[in-house]
2 protein chains.
Amino acid sequence: MVLGAEAPSPSVYLSKRGNSIRQHQGTLQEGFVQYAANKYHVTDNPEGIINLGTSENKLCYDLLHARLTRPDMLYVEPSLLQYSDWTGRTFLREEVAKFLTHYCGSPKTLNADNVVVMNGCGSLFSCVAAVICDPKDAILIPTPFYGVITDDVDLYSDVKLFHVHLDCEGLIIRAVILMNPHNPLAEIYTPEEMIAFLEFAKRNDLHAIVDELYMLTVFDESVTFHSVLSLDSLPDPLRTHVMWGLSKDFAMSGIRAGTLYTENRELVEALAQLGCFHGIPGTVQHQVAQLLQDRAWIDNEFLPENRRRLKAAHSFLTGELRSMGIPFLDRPAALFVWADLREYLQESSFQEELNLWRCFLRHNVLLSCGQAFSCSTPGWFRIVFADQHLHLGGLSQHLGGAGGERGRLVFEDGLTFFQKSQEFRLVNDRTNYQYASYSIKNSSRIAEGLVSLDGEAPKPAESLESLIGTLRNQIRSSDWLEKNTPELSAGEDPEILDVFKALLHRARK
Amino acid sequence: MVLGAEAPSPSVYLSKRGNSIRQHQGTLQEGFVQYAANKYHVTDNPEGIINLGTSENKLCYDLLHARLTRPDMLYVEPSLLQYSDWTGRTFLREEVAKFLTHYCGSPKTLNADNVVVMNGCGSLFSCVAAVICDPKDAILIPTPFYGVITDDVDLYSDVKLFHVHLDCEGLIIRAVILMNPHNPLAEIYTPEEMIAFLEFAKRNDLHAIVDELYMLTVFDESVTFHSVLSLDSLPDPLRTHVMWGLSKDFAMSGIRAGTLYTENRELVEALAQLGCFHGIPGTVQHQVAQLLQDRAWIDNEFLPENRRRLKAAHSFLTGELRSMGIPFLDRPAALFVWADLREYLQESSFQEELNLWRCFLRHNVLLSCGQAFSCSTPGWFRIVFADQHLHLGGLSQHLGGAGGERGRLVFEDGLTFFQKSQEFRLVNDRTNYQYASYSIKNSSRIAEGLVSLDGEAPKPAESLESLIGTLRNQIRSSDWLEKNTPELSAGEDPEILDVFKALLHRARK
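Chains are numbered independently. Their residues run from 1 in the order of the written sequence. Chains carry letters and ligands carry numbers; both start at the beginning, A for chains and 1 for ligands, and go up in the order they are written. Only residues with pLDDT of at least 70 get local features here, since the model is predicted, and only at 80 or more are side-chain atom pairs given and counted; chain-wide, interface and lining totals rely on the full set of residues. Hydrogen atoms and water are omitted, and side-chain values are computed over all heavy atoms in the structure.

An unreviewed UniProt entry lists chain A under the name 1-aminocyclopropane-1-carboxylate synthase homolog (inactive), with Nothobranchius furzeri given as the organism. We quote the UniProt Sequence similarities (unreviewed entry) comment for chain A here in full: "Belongs to the class-I pyridoxal-phosphate-dependent aminotransferase family." UniProt positions are given in the numbering used here, feature names are shortened, and annotations may be inferred rather than shown by experiment.

Engineer: Run through the overall build of chain A, naming residues and quoting values.
Structural biologist: For chain A, the count of helices and strands is 20 helices and 15 strands. Scored against the burial criterion, the 509 residues of chain A give a buried share of 63%. Residue contacts are defined here by distance: any two heavy atoms, one from each residue, within 4.5 Å place the two residues in contact. Here the contacts in chain A between residues at least 6 apart in sequence split such that 73% fall between residues at least 24 apart. Accessible surface is estimated by sampling points in the Shrake-Rupley manner with a 1.4 Å probe; for residues, cover comes only from the protein chains shown. Carbon and sulfur atoms form 51% of the exposed surface of chain A, whose accessible area is close to 18,200 Å². Helix and strand assignments come from DSSP, with helices taken as H or I runs of at least 4 residues and strands as E runs of at least 2, each series counted from the N terminus. Only protein chains enter the accessibility calculation, which uses a 1.4 Å probe. A residue is then buried if its area is under 20% of the maximum for its type, exposed if over 50%, and partly exposed in between.

Engineer: Residues and numbers for the packing of helix α1 (residues 16–23) of chain A against helix α9 (residues 265–274) of chain B, please.
Structural biologist: Running from N to C, α1 of chain A and α9 of chain B point in directions that differ by 70 degrees, and their axes come no closer than 8 Å. Relative to α9 of chain B, the element α1 of chain A lies roughly perpendicular. Of the residues in α9 of chain B, those in contact with G18, I21 and R22 of chain A of α1 of chain A are E266, E269, A270, Q273 and L274 of chain B. For this scheme, ten residues count as nonpolar: Ala, Val, Leu, Ile, Met, Phe, Trp, Tyr, Cys and Pro. Four count as charged, namely Asp, Glu, Lys and Arg, and the remainder, Gly too, count as polar. Split into classes, the residues belonging to the contact of α1 of chain A with α9 of chain B amount to three nonpolar, two polar and three charged. Here the axes come from fitting lines to C-alpha atoms, over the contacting stretch only for helices, and the angles between their N-to-C directions go from 0 to 180 degrees. Angle categories: roughly parallel below 35 degrees, roughly antiparallel above 145, roughly perpendicular from 65 to 115, and oblique for all the rest.

Engineer: Describe the domain arrangement of chain A, and please don't skip the residues or the numbers.
Structural biologist: All names here are of chain A. Assigned domains of chain A: these are domain 1 (16–60 + 298–461) and domain 2 (70–294). In this complex, domain 1 contributes 30 residues to the contact, which on the side of domain 2 involves 37 residues. Each of two parts loses accessible area, computed with a 1.4 Å probe, when they are put together; buried area is these two losses added. Across the domain 1 to domain 2 interface the summed buried area is about 2,900 Å²; carbon plus sulfur atoms make up 61%. Think of a salt bridge as a Lys or Arg side-chain nitrogen and an Asp or Glu carboxyl oxygen that are within 4 Å of each other. Applying the counting criterion to the domain 1 and domain 2 interface returns three salt bridges. In protein, a polar contact means a hydrogen-donor-capable atom and an acceptor-capable atom, both N or O and within 3.5 Å, with residues adjacent in sequence counting only if both atoms are side-chain atoms; elsewhere, any N or O pair within 3.5 Å suffices. One can count ten residue pairs in polar contact (both at pLDDT 80 or more) joining domain 1 with domain 2. Going through the elements one at a time, α11 (295–323) and β10 (336–340) are the ones with two or more residues in the side of domain 1 that touches domain 2. Boundary definitions for the domains trace back to an automatic or database domain assignment.

Engineer: Give me the relation of the copies chain A and chain B: which residues, what numbers.
Structural biologist: In screw terms, the move from chain A to chain B is a rotation of 180 degrees and a rise of 0.0 Å along the axis, fitting with an RMSD of 0.0 Å. Viewed as a symmetry operation, the transformation between the two copies matches a two-fold axis. A high fraction, 100%, of the interface residues of chain A reappear at the interface in chain B, so the copies pair face to face through one surface. For this overlay, a least-squares fit was computed on C-alpha atoms, restricted to residues scoring pLDDT of at least 70 in both copies.

Engineer: Go over the nonpolar core with me, naming the residues and quoting the values.
Structural biologist: Side-chain atoms within 4.5 Å link the members of a nonpolar core, which is a set of buried Ala, Val, Leu, Ile, Met, Phe, Trp, Tyr and Cys residues. F250 of chain A together with F250 of chain B are the most contacted members of the largest nonpolar core, which totals 298 residues. Residues in contact with F250 of chain B, not counting those within four places in the same chain, are L64, F99, L216, W244, L291, L292, W297, I298 and F302 of chain B.

Engineer: Describe the pattern of salt bridges, and please don't skip the residues or the numbers.
Structural biologist: Summed over all chains, the structure comprises 46 salt bridges over all chains. The residue R67 of chain A makes a salt bridge to D72 of chain A at a minimum N-O spacing of 2.9 Å. According to the relative accessible area criterion, R67 of chain A is buried, its value standing at 3%. D72 of chain A sits in the partly exposed class, given a relative accessible area of 22%. Ionic pairing is found between E263 of chain B and K108 of chain B, a salt bridge with its closest N-O pair at 3.2 Å. With E263 of chain B in the loop between β8 (258–262) and α9 and K108 of chain B in the loop between α4 (90–103) and β2 (115–118), the pair connects residues that are 155 residues apart, well separated along the chain. By relative accessible area, K108 of chain B is classed as partly exposed at 47%.

Engineer: Tell me what's going on with the pairing of strand β6 (residues 207–211) of chain B, and back it up with residues and numbers.
Structural biologist: Residues and elements named next belong to chain B. Most of β6 sits out of view: five of its five residues are buried. Side chains H207, I209 and D211 project from β6 onto one buried face, and the interleaved A208 and V210 project onto a second face that is buried too. For the handedness criterion, the strands are oriented away from the viewer, and a crossover whose path from the first strand over the helix to the second runs clockwise is classed as right-handed. Taken together, strand β5 (residues 173–179), helix α7 (residues 191–203) and β6 form a β-α-β motif whose crossover is right-handed. Whether two strands pair comes down to DSSP finding at least two bridges between them. Pairing analysis gives four bridges linking β6 to strand β7 (residues 240–245), with the strands arranged parallel. Across the sheet, residue V210 finds its bridge partner in β7, namely V242.

Engineer: Kindly report on the interface of chain A and chain B, identifying the contributing residues and their values.
Structural biologist: Every contact between the two is made by 81 residues of chain A and, on the other side, 81 residues of chain B. The contact between chain A and chain B buries some 6,600 Å² in all, and 58% of this surface belongs to carbon and sulfur atoms. Taken as a group, Y13, Y156 and F277 of chain A account for 14% of the area that chain A buries against chain B, more than any other trio of residues on that side. Across the contact surface, chain A and chain B share two salt bridges. Measuring nitrogen to oxygen at the nearest pair gives 2.5 Å for the salt bridge that ties R22 of chain B to E269 of chain A. Run the count over chain A and chain B and you get 52 residue pairs in polar contact (both at pLDDT 80 or more). Taken together, the elements giving at least two residues each to the side of chain A that touches chain B come down to α1, α3 (61–68), α5 (121–132), α6 (148–154), α8 (246–249), α9 (265–274) and α10 (282–293) of chain A.

Engineer: Any chance you could break down the sheet that holds strand β10 (residues 336–340) of chain B for me, citing the residues and the numbers?
Structural biologist: Residue and element names in this part refer to chain B. Ordered by their spatial adjacency, four strands build an open sheet running β9-β10-β13-β12, and the pairing between neighbours is antiparallel. Edge strands, defined here as strands with exactly one partner in the open sheet, are β9 (328–329) and β12 (368–369). Bridge count between β9 and β10: two bridges; the pairing is antiparallel. When the bridges of β10 are listed, F328 appears paired with A339. Contacts between helix α11 (residues 295–323) and the sheet are confined to β9, β10 and β13 (380–384), with β10 contributing the most and set at about 10 degrees to the helix. Packing of helix α12 (residues 350–362) onto the sheet brings it into contact with β12 and β13, and relative to β13 it is tilted by some 30 degrees.

Engineer: Report on the packing of aromatic side chains, specifying residues and quantitative values.
Structural biologist: Each pair of aromatic rings taken from Phe, Tyr and Trp, with Trp reduced to its six-membered ring, is defined by centres within 6.5 Å and is described as stacked if the planes are under 30 degrees apart, edge-to-face if over 60, and tilted in the remaining cases. Within the structure shown, the criterion is met by 31 aromatic pairs over all chains. With a centroid separation of 6.4 Å and 15 degrees between ring planes, the pair formed by F250 of chain A and W297 of chain A is classed as stacked. A residue pair is termed long-range when its members are at least 10 positions apart, and F250 of chain A in the loop between α8 and β8 (258–262) and W297 of chain A in helix α11 qualify at 47 residues. The class of W297 of chain A is buried, set by a relative accessible area of 2%. Residues F360 of chain B and F381 of chain B carry aromatic rings whose centres are separated by 5.9 Å and whose planes lie at 55 degrees to one another, so their mutual orientation is tilted.

The following block contains the structure:
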């Protein structure tokens, strides 16, 4: 691992495992440490670091504040202050089951007994890994992927992720992780694709852990997300486990609430044993249940406005990328854009990617580089757009007037840099939003599919269409970057599942 | 293990570890399952099970409700909804440091950087075990002890507890757990005793994990609790880690907030890595901070009234035990009494102890039996008194009038049974407390030390004094039950630390 070279020396007070845990460098940790010490704030620290690395939705705080301070949220009763069911209190699991039944479009009413609620999906990953795997077993995951899962399944549970692009032998593969919408690609998979993935898992006796954390974060009305819970029947229901949570779709990662839906009672029983380490305060369980059952607020206030703001922020960022000639994957979902900065690397190496990442950081912009997602090709970055700095007010003047010139991208070390984003840090305070005055000027251009996915400057839509068409299919597998290397993409287009199968076979040898 | 004989058969969906986790039977699980399905409620289920097994303080809900519904508790700001420091937010760690400085009587101001806050002390035990031990390493603990710690350090972290009474070889001992006030003995150790324990730990290079969860739950003004944080200096400060939480002292186990204080920065760094699995919602961190800083409420309202109610409940239970001739350990701390029911066993075996425990359960009273605390001698029970059923209103009439006769203990299967406690389930509803009219009639008798610790009927205080004096010293080691067996107590009185040392040496062979 290139990142985090300066690990601390071993402590005599910790065990080998403890030292390994302590010295573990989350990818990008260096950036988050700097960010924690120098956060941007519109008035208090206008020169601080803008965080476009953490996938959080900061666009709807006003809506959330209004809802979370209604009187029903300040509720205490004796049982909420006492120990309770470690899989989540019954009233909450019932609300989650109703919520998922409705928003996942389940053909049957989902059962509250199949719901496990813990303090975040990281905890659920950790627990599921602990009970379906033995130490040193592995879980299959297509790359690139949300890299924190590596730590989620390893730190406590000693389970390894088997990356599709890695050569690795001797591991027992127990499960495959599927993300829909995908992180970091923001790709949305069709029901047919998900069924194909689930059939593959079934044929290989693999658990399928389906991460649908961004299921309500789709901001194009013409695009429909399909939960696997909407399927009439699952290929292998006792090995299919669906994760969801409030962090992304309800923009509250600080509330720590993740849910798992599984028909496998044995798994639920095993998770209940570990649940004592991952409990949610009773009062917060009440609040979450209140929120999930308030369909009027969700459907009429929160979701439509959230989608509008996400769409505007996405349009702004992608417009910027386009004007800079930076290729990116244009998808109307999730809170980030997967962008190709390979042409800004002096050579194709992860050290160079890290240098570029540090260059952004020196200019007070924190991104996530591809290495953090185990991307096999250096030069890709995940850029989070769901922050007010990127789109709040003053945008049209900025684009139209003198700001247009000021906004031109600054080069340093010969690299393009999002200085512009800093210049939006001005006008607004955090509570006085001006969304209404903002119009999405570039939406028509986006709809034209004016997007490039290789390392060159934008081409006309026509010349790109065939490339996009090809890539779109490859991307479905989520390991499209690997397959996009010359050797694999030259002519051959191996069927996804065959690739999985071959790799799985190799891993099991 | 005798308890929980009917473990489920292995699941094909889980790994070996997963099956082991699922099949793990928490001691007393059978009782808690029945309790969950048939909880006593004054109006809804007056014939349900009374839980005197779970150590929760249910005496002060009215005070807590009033405080937790004040407007300062309904507070949301953007950062509370976002990811944050996994050791606890700065504002909370600062409040915890101030709180501990004051209530532990620390000679110096405690440092917020030394505080780690997680969702409960079980999580802290799990994390500390993970980073100071390698898999299969062990932690030394005197028995009897709060048995859940066995699971806390084992389920995720694969660390074993080395009981002082067990023969066990080949383990590497890394730490010793000290509880003060003790659970289940409710014993309060003096600073000199704690220093002796800490010196022992230091001489053997052991971490000392000091559990002070009940530090404010001492309800006799003449008794002073001394936190190890009040010591001028610790023998081995970098290996001394002090745990505290809100579950017991603030009667809110459902809020999930535990704290660790340690000067060892390396340990804090390692814990921070695992903290992502044990996060507390931002809004609850705010609430906890508000509570801890409200010294007027804590000192003038909550603590004095809580102590009064605990003292009354304790007096009632101990009075009952005394009138039944049941010996017990009389200590003005914690939420339970450690009682000796050995004379009700037909033979001295854990199967018989379990039979007795089940007999109580059939009569809808849930206790904790000694086996759950790894007690080496069968027949001891922990009885929680901090529940309103035991002492609410009507008590004086009950003791004095016709109730006195009705209240006589019912025998079934030849066993004494706390039927009486059920008869107090009448008068009060949950919100209309009548504490003011309750006077502690038996306090003078308690003060006389009228308490017996062997299996016979109560004797006059005089004849007991020498026995109590002897036992009091032995009890200090927390493994007094072991030493109280005929072989050990006949004449010899080995020095505590020598026993520890010998056992440690044996374990390390």
